[in-house]
Amino acid sequence: MTLTINVTVNGKSVSADAEPSTSLLEFLRDVLNYKGTKLCCNTGECGACTVLFNGKPVNSCVVPAADAVGAQVVTVEGLADGEKLHPVQQAFIDTGAVQCGYCTPGFIISVKALLDRTKRPTPAEIEEAVSGNICRCTGYAKIVDAIALAAERMEGSTLGIASGGRS
Ligand code: FES
Ligand code: FES
């Protein structure tokens, strides 16, 4: 038995079939060909597969595609405005917060969600917002710099957040 999934992805209404066991991540990557969202642990622990689901970040590897019927989903491909990258994307590049890049789409989605709801996040709010995203390469300091830069550019002010990072 297959299910027909009607969902809005990056502002476009799409309809495609999926098996009942298909995750939202598999549906995005393998059925709709949105490969920007990464598959890593596949158990909801690393955040590489983070997408916005009705405005909230979720680990799409543990969300059944069937639950997305009628939902609004945003992937990293949906953030740029034509050729112009989203400020969060640009900040990750400008601060050197991307190394292998595998974690980057998930971080960018989590940070976008944070800055959509909080224009001037505190260090504690930043820590909480990306607590579900794991990076094996950067040591997190550059990622904190990227978040602060994105917030400053989007808000037009200085947050004064020094890079600290997790260990
Ligand atoms: S791939 Fe989904 S949380 Fe790791
Ligand atoms: S840049 Fe490689 S895992 Fe984060």
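This one's a predicted model, so the numbers in the text were calculated from it and none came from an experiment.

## Brief notes about the overall build of the protein chain
- From N to C terminus, the protein chain includes five helices and five strands.
- Listing the helices and strands of the protein chain from first to last along the sequence gives β-β-α-β-β-β-α-α-α-α.
- In terms of C-alpha radius of gyration, the protein chain reaches 16 Å, essentially the compact-globule figure of 15 Å for 167 residues.
- By the burial criterion, 45% of the 167 residues in the protein chain qualify as buried.
- Considering only intrachain contacts with a sequence separation of at least 6, the fraction spanning at least 24 residues in the protein chain is 54%.
- Taken as a whole, the protein chain presents about 8200 Å² of accessible surface, with 49% of it coming from carbon and sulfur.

## Some words on the domain arrangement of the protein chain
- Per the domain assignment, the segments making up the protein chain are domain 1 (3-78) and domain 2 (87-155).
- Domain 1 and domain 2 are separated by 21 Å when their C-alpha centres are compared.
- Domain 1 puts 15 residues into the contact, and the matching count from domain 2 is twelve residues.
- At the boundary of domain 1 with domain 2, total buried surface from both sides reaches about 1100 Å², with 65% on carbon and sulfur atoms.
- Counting the contacts that link domain 1 with domain 2 gives zero salt bridges.
- Applying the counting criterion to the domain 1 and domain 2 interface returns four residue pairs in polar contact (both at pLDDT 80 or more).
- No other element matches the three residues that strand β3 (residues 50-53) contributes to the side of domain 1 that touches domain 2.
- Grouping the constituent residues of the side of domain 1 that touches domain 2 by class yields nine nonpolar, four polar and two charged.

## Remarks on the pattern of salt bridges
- Using the criterion set out here, one finds three salt bridges in the structure.
- With a shortest N-O distance of 3.8 Å, Asp30 and Lys35 are connected by a salt bridge.
- Taking relative accessible area as the criterion, Lys35 reaches 37% and is therefore assigned partly exposed.
- When the shortest N-O distance is used, the salt bridge between Arg153 and Asp94 registers 2.8 Å. Here Arg153, found in helix α5 (residues 141-155), pairs with Asp94, found in helix α2 (residues 87-94); they are 59 residues apart in sequence, far enough to count as distant.
- On the accessibility criterion, Arg153 (44% relative accessible area) is partly exposed.

The rules behind these values
Residues numbered from 1 in each chain as written. Chains lettered and ligands numbered in written order. Predicted model: local features only at pLDDT ≥ 70, side-chain atom pairs only at ≥ 80, totals over all residues. Heavy atoms only, no water. Helix = DSSP H or I, 4+ residues; strand = E, 2+ residues; numbered from the N terminus. Rg over C-alpha atoms; globule rule 2.2 N^0.38 Å. Buried < 20%, exposed > 50% of the residue type's maximum accessible area, 1.4 Å probe, protein only. Contact = heavy atoms within 4.5 Å. Areas by Shrake-Rupley, 256 points an atom, 1.4 Å probe, with all protein chains shown as cover. Domains from an automatic or database assignment. Buried area = accessible area lost by both parts, 1.4 Å probe. Salt bridge = Lys/Arg side-chain N within 4 Å of Asp/Glu carboxyl O. Polar contact = N/O pair within 3.5 Å; in protein donor to acceptor, adjacent residues only side chain to side chain. Nonpolar A, V, L, I, M, F, W, Y, C, P; charged D, E, K, R; others polar.

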